[in-house]
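Structure assessment
This is what each chain is made of:
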Amino acid sequence: MKAFIIIKPDAVKRNITGKILSRFEERGIRIKAMRMIKMCKEEAEKLYSIHKGKPFYDSLINYITSDKVVVCVLEADTDKLIEIVRKMNGKTNPAEAEPGTIRGDFGIAMEANVIHASDSIESVNREMPIFFTKEELE
Ligand SMILES: Nc1ncnc2c1ncn2[C@@H]1O[C@H](COP(=O)(O)OP(=O)(O)O)[C@@H](O)[C@H]1O
Ligand SMILES: [Mg+2]
């Protein structure tokens, strides 16, 4: 099974990309495809289309396009991968995320919360192709 994550600008800027990816690798999760990009507005709007109209939407789009991010496809031999990755990330608000989770250990702000992960198979299938071609995932 595959999961899709994004190391957000705050984490890339603080040089903790490797540290974060190590956690997944140490868990037994493989990096299937990865790229560092500066996301354009169109990609950001596609990624966060479900949040359109919410009070934080404009700010979120500005934030995710403000600096470089690392888009990454993870893979492991379990049908629970998406759940496992979301659990490892911790709650959306780092103030509520448990210590030991990525957001709980590396985050402090609601918007700059270190990492994104697709929340379902449907989300992976919608979000992953915004950034990766089929060939890159073979
Ligand atoms: N109330 C909020 N204020 C500011 N930013 C928010 C708020 N809620 C969510 N966000 C930002 O939008 C992203 C997407 O929200 P959501 O899908 O609910 O969380 P998650 O990233 O945990 O799946 C969050 O990771 C966070 O960066
Ligand atoms: Mg989400």
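Residues numbered from 1 in each chain as written. Chains lettered and ligands numbered in written order. Predicted model: local features only at pLDDT ≥ 70, side-chain atom pairs only at ≥ 80, totals over all residues. Heavy atoms only, no water.

1. Some points on the overall build of the protein
Test applied: In this text, helices come from DSSP runs of H or I with a minimum length of four residues, and strands from runs of E with a minimum of two, each type numbered from the N-terminal end. Radius of gyration means the value over C-alpha atoms here, while the globule rule gives 2.2 Å times the residue count to the 0.38 power. The buried label applies to any residue whose accessible area, calculated with a 1.4 Å probe on protein chains only, is under 20% of its type's maximum; exposed applies above 50%, and partly exposed to all values in between. Residue contacts follow a heavy-atom distance rule, with two residues in contact if any of their heavy atoms lie within 4.5 Å. Methods summary: accessible areas were calculated by the Shrake-Rupley approach with a probe of 1.4 Å, and residue burial reflects only the protein chains presented. By the counting scheme adopted, Arg and Lys are positive, Glu and Asp are negative, and His together with the chain ends is not counted. Lys charges are placed at NZ, Arg charges at CZ, Asp charges at CG and Glu charges at CD.
Counting its regular elements, the protein contains 7 helices and 4 strands. In sequence order, the secondary structure elements of the protein are arranged as β-α-α-β-α-α-β-α-α-β-α. Rg of the C-alpha trace for the protein: 14 Å, near the compact-globule value of 14 Å for 138 residues, within the 12% margin. When its C-alpha atoms are laid out on the principal axes, the protein stretches across 40 × 35 × 25 Å. Looking at the protein as a whole, 47% of its 138 residues are labelled buried. Long-range contacts, defined here as pairs at least 24 residues apart, represent 75% of the contacts in the protein between residues at least 6 apart. Working note: accessible area of the protein is about 7,500 Å², and carbon and sulfur atoms make up 51% of it. For the protein, the separation between the mean place of its 23 positive charges and that of its 22 negative charges on side chains is 2 Å.

2. Considerations on the site of ligand 1
The cut-off we apply is this: In this text, near means that some heavy atom of the residue lies within 4 Å of the molecule or strand in question. What qualifies as a polar contact is a pair of N or O atoms within 3.5 Å, subject to a donor-acceptor requirement within protein and to the restriction that residues adjacent in sequence count only when both atoms come from side chains.
Lining the immediate environment of ligand 1, one finds Lys8, His51, Phe56, Leu60, Arg86, Thr92, Arg103, Met110, Glu111 and Asn113. One of the side-chain nitrogen or oxygen atoms of threonine 92 is found 2.5 Å away from an oxygen atom of ligand 1. Here methionine 110 contributes a backbone N or O atom positioned 3.3 Å from an oxygen atom of ligand 1. Relative to its unbound accessible area of 530 Å², ligand 1 is 77% covered by the protein chains.

3. What about the nonpolar core?
To keep it simple, the criterion reads: Put simply, a nonpolar core is a bunch of buried Ala, Val, Leu, Ile, Met, Phe, Trp, Tyr and Cys residues held in one set by side-chain atoms that sit within 4.5 Å of each other.
Phe4, Ile5, Ile20 and Phe24 are the most contacted members of the largest nonpolar core, which totals 44 residues. A total of 6 residues in this core trace back to one element, the largest contributor, which is strand 3 (residues 69–75). Beyond its immediate stretch of four places on either side in the chain, isoleucine 5 contacts Leu21, Phe24, Val70, Val71, Cys72, Leu74, Val85, Ile115, His116 and Ala117.

4. What to know about unusual backbone geometry
A positive phi angle is found at asparagine 15, which is not glycine, with a value near 60 degrees. Topologically, asparagine 15 is positioned in the loop between helix 1 (9–13) and helix 2 (17–27). The exposure class assigned to asparagine 15 is exposed, which follows from its relative accessible area of 68%. The phi angle at valine 114 is positive, at roughly 75 degrees, despite the residue not being glycine. Residue position: valine 114 is located in the loop between helix 6 (102–106) and strand 4 (115–117).

5. A closer look at the environment of serine 59
Note that serine 59 resides in helix 4 (residues 57–64). Residues serine 59 and leucine 47 lie 12 residues apart in sequence; the distance between their C-alpha atoms is 14 Å. In this structure the side chain of serine 59 is engaged in a polar contact, spanning 2.5 Å, whose partner is the side chain of glutamate 111.

Treat this as a map of the structure, not an account of what it does.
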